[in-house]
Amino acid sequence: MIKRITYGTTTALVSLTLALSLGGCLPQEVDEVVETGEVTDATPATVSKPTRHPDELLRDQYRHPAETLMFFDVQPSHTVVEIWPGAGWYSAILAPYLKDEGQLIAAHFPADSEVSFFRKSRAAYNERFLLQPDLYGKIFISELAPPQVLNIAEAGEADRVLTFRNVHNWMRNRQEQVVFDEAYRVLKQGGLLGVVEHRAPESFTREEMVQSGYVSESYVTQLAINAGFLPDGQSEINANPNDRHDHPHGVWSLPPTLRGGESTRAQFETIGESDRMTLRFRKP
């Protein structure tokens with residue numbers, strides 16, 4: 001039997017809940033989503049092989065994956081492009097969710113990148129996700145290294161394009177608009193771009209955003225509008241009012257990076273992970 005979870009106007013199949021719980025006990029954040037919605041045909045989730053690492057599960061309290069993906073209205077039959085998935089924190093949720101009916105396209109770093117970190121990250125991702133199709137399905141890998149490498153999917157192929165905490169990275173090389181334009185190109189008409197990003201005060205200059213890793217909502221929104229998107233929704237799912245945005249090492253002062261070392265660990269762990277915007281844009 002299939003359990004359905006209704007969250008606002010979104011109905012998500014139980015495969016999302018399963019994908020979140022495969023690494024161990026069901027996270028508290030998923031319990032909260034269930035409590036806010038209508039649940040029917042409930043059955044226990046018993047799965048023997050984990051698709052998520054224990055340290056990934058610990059971050060659910062800050063990243064709220066169930067609520068975030070429901071806000072982006074990701075359905076099991078969708079073709080989803082995840083841009084720069086890194087180690088695959090979200091891929092470990094999306095891949096099992098899309099495994100049977102949909103398709104995950106991971107727009108990752110080029111395998112032959114001149115940047116050592118990019119090459120190692122891509123290799124580790126391939127080893128984890130491509131060698132275990134029984135767990136993750138057949139993930140398609142595309143590459144993104146703007147401005148030289150940009151073709152993340154076919155035009156009009158994707159139902160959803162998602163990116164988590166990457167806009168500030170593209171800003172370092174002034175490639176942020178190019179990436180938003182590419183997201184628009186690959187989405188179907190009516191498709192959604194979902195963006196989660198460290199949130200800067202509106203007073204921050206572009207240089208302050210680049211240096212701190214925090215980006216203002218108005219800046220991200222303007223990038224989307226420039227690409228042709230229409231704003232479609234905003235959520236405080238990933239907000240953190242304890243984050244004052246004024247740390248000595250920017251967003252990297254906070255967990256999980258904790259760039260200040262042991263001397264400031266307790267201080268920044270008390271704050272938690274960064275204050276984040278969660279924005280949705282629609283291709284008309």
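Above this text sits the structure in question.
Residues numbered from 1 in each chain as written. Predicted model: local features only at pLDDT ≥ 70, side-chain atom pairs only at ≥ 80, totals over all residues. Heavy atoms only, no water.

What about the overall build of the protein?
Broken down by element type, the protein carries 13 helices and ten strands. Counting all 284 residues of the protein, 53% fall into the buried class. Considering only contacts within the protein whose residues lie at least 6 apart along the sequence, 76% involve residues at least 24 apart. With the model as given, the accessible surface of the protein reaches about 12,900 Å², and the carbon-plus-sulfur share is 51%. (Helix = DSSP H or I, 4+ residues; strand = E, 2+ residues; numbered from the N terminus. Buried < 20%, exposed > 50% of the residue type's maximum accessible area, 1.4 Å probe, protein only. Contact = heavy atoms within 4.5 Å. Areas by Shrake-Rupley, 256 points an atom, 1.4 Å probe, with all protein chains shown as cover.)

Quick word on the packing of aromatic side chains
Counting across every chain of the model gives twelve aromatic pairs. Taken together, the aromatic side chains of Trp-84, Phe-109, Phe-117, Phe-118 and Trp-170 make up a single cluster linked through ring pairs. Its end group placed over the ring of Trp-89, Arg-63 keeps NZ or CZ at 4.2 Å from the ring centre. Over the ring of Phe-71 we find Arg-280; its NZ or CZ atom is 4.3 Å from the centre of that ring. (Phe/Tyr/Trp six-rings, centres within 6.5 Å; stacked < 30°, edge-to-face > 60°. Lys NZ or Arg CZ within 6 Å of the ring centre and 35° of its normal.)

Let's talk about the pattern of salt bridges
One pass over the full model with this rule turns up 17 salt bridges. Salt-bridge contacts for Lys-188 lead to Asp-159; the nearest nitrogen and oxygen are separated by 3.1 Å. Residue Lys-188 is found in strand S8 (residues 187-198), and its partner Asp-159 is found in strand S7 (residues 158-164); the two are separated by 29 residues along the sequence. We classify Lys-188 as partly exposed; its relative accessible area is 33%. The closest approach of N and O atoms between Arg-199 and Glu-217, which form a salt bridge, is 2.6 Å. You can see Arg-199 sitting in the loop between S8 and helix H11 (206-212) and its partner Glu-217 sitting in helix H12 (residues 217-227), a full 18 residues away along the chain. Glu-217 matches Arg-199 in its accessibility class, with the two residues each being buried. Salt bridges linked by common partners bring Arg-199, Glu-217, Glu-236 and Asp-275 together as one network. (Salt bridge = Lys/Arg side-chain N within 4 Å of Asp/Glu carboxyl O.)

Some details on the pairing of S7
Buried residues dominate S7, accounting for seven of its seven residues. Sheet topology places strand S4 (residues 79-83) next to S7; four bridges connect them, and they run parallel. Considered in S7, the bridge of Val-80 is made with Arg-160. Sheet topology note: the S7/S8 ladder contains six bridges and is parallel. Bridged to Leu-162 within S8 is Gly-194. (Pairing = 2+ DSSP bridges.)

Focus on the packing of helix H10 (residues 176-186) against H12
Where H10 contacts H12, the axes come no closer than 8 Å and their chain directions differ by 50°. On the basis of the axis angle, H10 is oblique to H12. In this structure, H10 crosses over H12, and the sense of that crossing is right-handed. Residues Glu-176, Gln-177, Phe-180, Asp-181 and Tyr-184 of H10 pack against Tyr-219, Val-220, Leu-223, Ala-224, Asn-226 and Ala-227 of H12. Here the residues of the contact of H10 with H12 are counted per class, giving seven nonpolar, two polar and two charged. (Axes fitted to C-alpha atoms, helices over the stretch in contact; angles between N-to-C directions. Parallel < 35°, antiparallel > 145°, perpendicular 65-115°, else oblique. Left-handed = near helix turned anticlockwise from the far one by under 90°. Nonpolar A, V, L, I, M, F, W, Y, C, P; charged D, E, K, R; others polar.)

So, the pairing of S8
For S8, the tally of buried residues reaches nine of twelve residues, placing the bulk of the element in the interior. Bridge count for S8 against strand S10 (residues 276-282) is seven bridges, and the pairing is antiparallel. Following the sheet pairing, Glu-197 is matched in S10 by Met-277.

Regarding H10
Those residues of H10 not exposed but buried are Glu-176, Val-179, Phe-180, Glu-182, Ala-183 and Val-186. Here the buried residues of H10 occupy an arc of 160° about the axis, which is enough to place them on one side. Buried residues in H10 make contact with S4, S7, helix H9 (167-171), S8, H11 and H12. (Arc of directions from axis to C-beta.)

Focus: the nonpolar core
Looking at soluble globular proteins, one finds that nonpolar side chains tend to be buried together. Counting 41 residues, the largest nonpolar core has Val-81, Ile-83, Val-161, Val-167, Phe-180, Leu-193 and Val-220 as the members making the most contacts within it. If near-sequence neighbours (up to four positions away) are discounted, Val-81 is found in contact with Ile-105, Ala-107, Ile-152, Ala-153, Ala-158, Arg-160, Val-161 and Leu-162. Residues Trp-89, Tyr-90, Ala-106 and Leu-162 belong to the second largest nonpolar core, which totals 25 residues. (Core = buried A, V, L, I, M, F, W, Y, C linked by side-chain atoms within 4.5 Å.)

Describing the side chain of Thr-51
Its location among the elements puts Thr-51 in the loop between strand S3 (38-40) and helix H3 (54-58). Side-chain polar atoms of Thr-51 contact the backbone oxygen of Ala-92, separated by 3.4 Å. (Polar contact = N/O pair within 3.5 Å; in protein donor to acceptor, adjacent residues only side chain to side chain.)

Here we look at unusual backbone geometry
A cis amide bond links Pro-146 to the next residue, Pro-147, at an omega of 5°. Tracing the backbone through its elements, the reader meets Pro-147 in the loop between strand S6 (140-143) and S7. With omega at 5°, the peptide bond leading from Pro-255 into Pro-256 counts as cis. Relative to the elements of secondary structure, Pro-256 occurs in the loop between strand S9 (230-235) and helix H13 (262-271). Positioned with a positive phi, His-64 is a non-glycine residue whose angle comes to about 45°. Tracing the chain through its elements places His-64 in the loop between helix H4 (60-63) and helix H5 (65-71). Its identity is not glycine, yet Leu-258 carries a phi of approximately 50°, on the positive side. Looking at the secondary structure, you find Leu-258 in the loop between S9 and H13.

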